[in-house]
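Descriptive analysis of the structure
Single-letter residue listing:
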Amino acid sequence: MMPRKLLLSFTLFLLLPFAGPGQTGPTEAQTRDAAVQARKTELQALMNRRTDLIRQWRRFNLEENAIFGGKSKKDLRNIAEVQQKIIQLDNTILNFGKLENYQQEKTEKKENIQLQKSLYGRIDSIETISSRHEEQISAAGKRENALKARIGRQQSVNRGLSIALVLATGLLLFSLFYNPVKRKGRDRMKGSKR
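Scoring rules and cut-offs
- The numbering scheme is per chain: residues are counted from 1 as the chain's sequence reads.
- Only residues with pLDDT of at least 70 get local features here, since the model is predicted, and only at 80 or more are side-chain atom pairs given and counted; chain-wide, interface and lining totals rely on the full set of residues.
- Think of the side-chain values as coming from all heavy atoms in the structure, minus any hydrogens and water.
- Counting from the N terminus, the helices are the DSSP runs of H or I reaching at least four residues and the strands are the DSSP runs of E reaching at least two.
- Whether two residues touch is decided by their heavy atoms; if any such pair falls within 4.5 Å, the residues are in contact.
- Accessible surface area values rest on a Shrake-Rupley calculation with a 1.4 Å probe, where residue burial reflects the displayed protein chains alone.
- Here a cavity means grid points, on a 1 Å grid over the protein atoms only, where a 1.4 Å probe fits yet cannot get out; a pocket means an open set of points with protein on both sides within 12 Å along at least five of seven lines; lining residues are those with an atom within 4 Å of a point.
- Grid points are joined across faces, edges and corners, and a volume is the space filled by probe spheres set on the points.
- Under the scheme applied, nonpolar residues are Ala, Val, Leu, Ile, Met, Phe, Trp, Tyr, Cys and Pro; charged residues are Asp, Glu, Lys and Arg; polar residues are all the others, including Gly.
- Without a salt bridge and with relative accessible area above 30%, a residue can belong to a patch; like charges are then joined within 9 Å and nonpolar side chains (Val, Leu, Ile, Met, Phe, Trp, Tyr) within 5 Å.
- We define a salt bridge as a contact between a side-chain nitrogen of Lys or Arg and a carboxyl oxygen of Asp or Glu at a distance within 4 Å.
- An expected span of 1.5 Å times one less than the residue number is assigned to each helix.
- Between buried and exposed lies partly exposed: a residue is buried under 20% and exposed over 50% of the maximum accessible area for its type, with that area taken using a 1.4 Å probe on protein chains only.
- For our purposes a nonpolar core is just a set of buried Ala, Val, Leu, Ile, Met, Phe, Trp, Tyr and Cys residues, chained together by side-chain atoms within 4.5 Å.

**A few points about the overall build of the protein**
- Helix and strand counts for the protein come out as four helices and zero strands.
- Across the protein, helices and strands are ordered from the amino to the carboxyl terminus as α-α-α-α.
- Considering only intrachain contacts with a sequence separation of at least 6, the fraction spanning at least 24 residues in the protein is 62%.
- Only carbon and sulfur atoms are counted for the fraction: they give 60% of the accessible area of the protein, which is about 17,100 Å².

In structure tokens, the structure reads:
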């Protein structure tokens, strides 16, 4: 059974350079399908071998080569050897199924592990992005608070300047319209004219 696999592998190896342009080799699905087909072929060969052994066992069971028409030692030995071969082949077939299930479970487990790693990687990247956004929001909040404080200081400075400007304007107007020295001088001038 191994030479067939070896021959198949060797044939694929030799034909690989002649693959068409753009083809770098069989895809993963094609490789998996080829492996499944090879396993089925191998299992069918084992089943065919078992069928042949059962026919041989029946034939030996029907033979009666002893002197009085019974089974000779050679007949019994042949029957026992064929039975052992059938049992060994049955064990191989059972183990073949177990091995196939084991390999399938192993492949599924490997795929699940890869999927989990991918999901954990995505979760980690989401957490990283989330923490980055939280940092950006926190920094924006700090900038907003700083701007509010600066605006508050500027408003209080502007209020103080406004009050000072109003007072200065009021004093200027007061001094323009109400000047006691000018008024006394005017009052004197008005009195001397009279």
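**Observations concerning the layout of surface pockets**
- The calculated volume of the largest pocket comes to roughly 430 Å³.
- What lines the largest pocket is a set of twelve residues, and nearest its centre among them are R32, V36, Q103, Q104 and T107.
- Classifying every residue of the lining of the largest pocket gives two nonpolar, four polar and six charged.

**Topic: the environment of D52**
- Relative to the assigned elements, D52 resides in helix α2 (residues 28–62).
- For the pair D52 and I86, spaced 34 residues apart in the sequence, the C-alpha separation amounts to 9.6 Å.

**What to know about a nonpolar patch on the surface**
- Nonpolar side chains collect at one region of the surface, where L172, L173, F174, L176, F177 and Y178 lie side by side and expose about 690 Å² of accessible area between them.
- When you line up the elements, F177 lands in helix α3 (residues 73–177).

**Some points on α2**
- Compared with an ideal rise of 1.5 Å per residue, which puts 35 residues at 51 Å, α2 spans 51 Å between its outermost C-alpha atoms and is within 8% of the ideal.
- Turning to α2, its buried residues are R39, E42, A45, L46, L53, I54 and F60.

**Description of the nonpolar core**
- Counting ten residues, the largest nonpolar core is built from L46, L53, I54, F60, I79, V82, I86, L89, I93 and F96.
- The element best represented in this core is α3, accounting for six residues.
- Dropping the residues within four chain positions of it, F60 is found in contact with K71, N78, I79 and V82.

**Some remarks on the environment of L76**
- When you line up the elements, L76 lands in helix α3.
- Given the relative accessible area of 48%, L76 is considered partly exposed.

**A closer look at the pattern of salt bridges**
- If you walk through the whole model with that rule in mind, you get three salt bridges.
- Between R55 and D52 there is a salt bridge, with its nearest N and O atoms 3.6 Å apart. Placement of the pair is R55 and D52 together in helix α2, with a separation of three residues, close to one helical turn.
- Ionic pairing is found between K148 and E144, a salt bridge with its closest N-O pair at 3.6 Å. Here the residue K148 and the residue E144 both occupy positions in helix α3, the gap between them amounting to four residues, near one helical turn.
- K148 gets classed as exposed once you look at its relative accessible area, which sits at 53%.

Read these as spatial facts, not as claims about activity.
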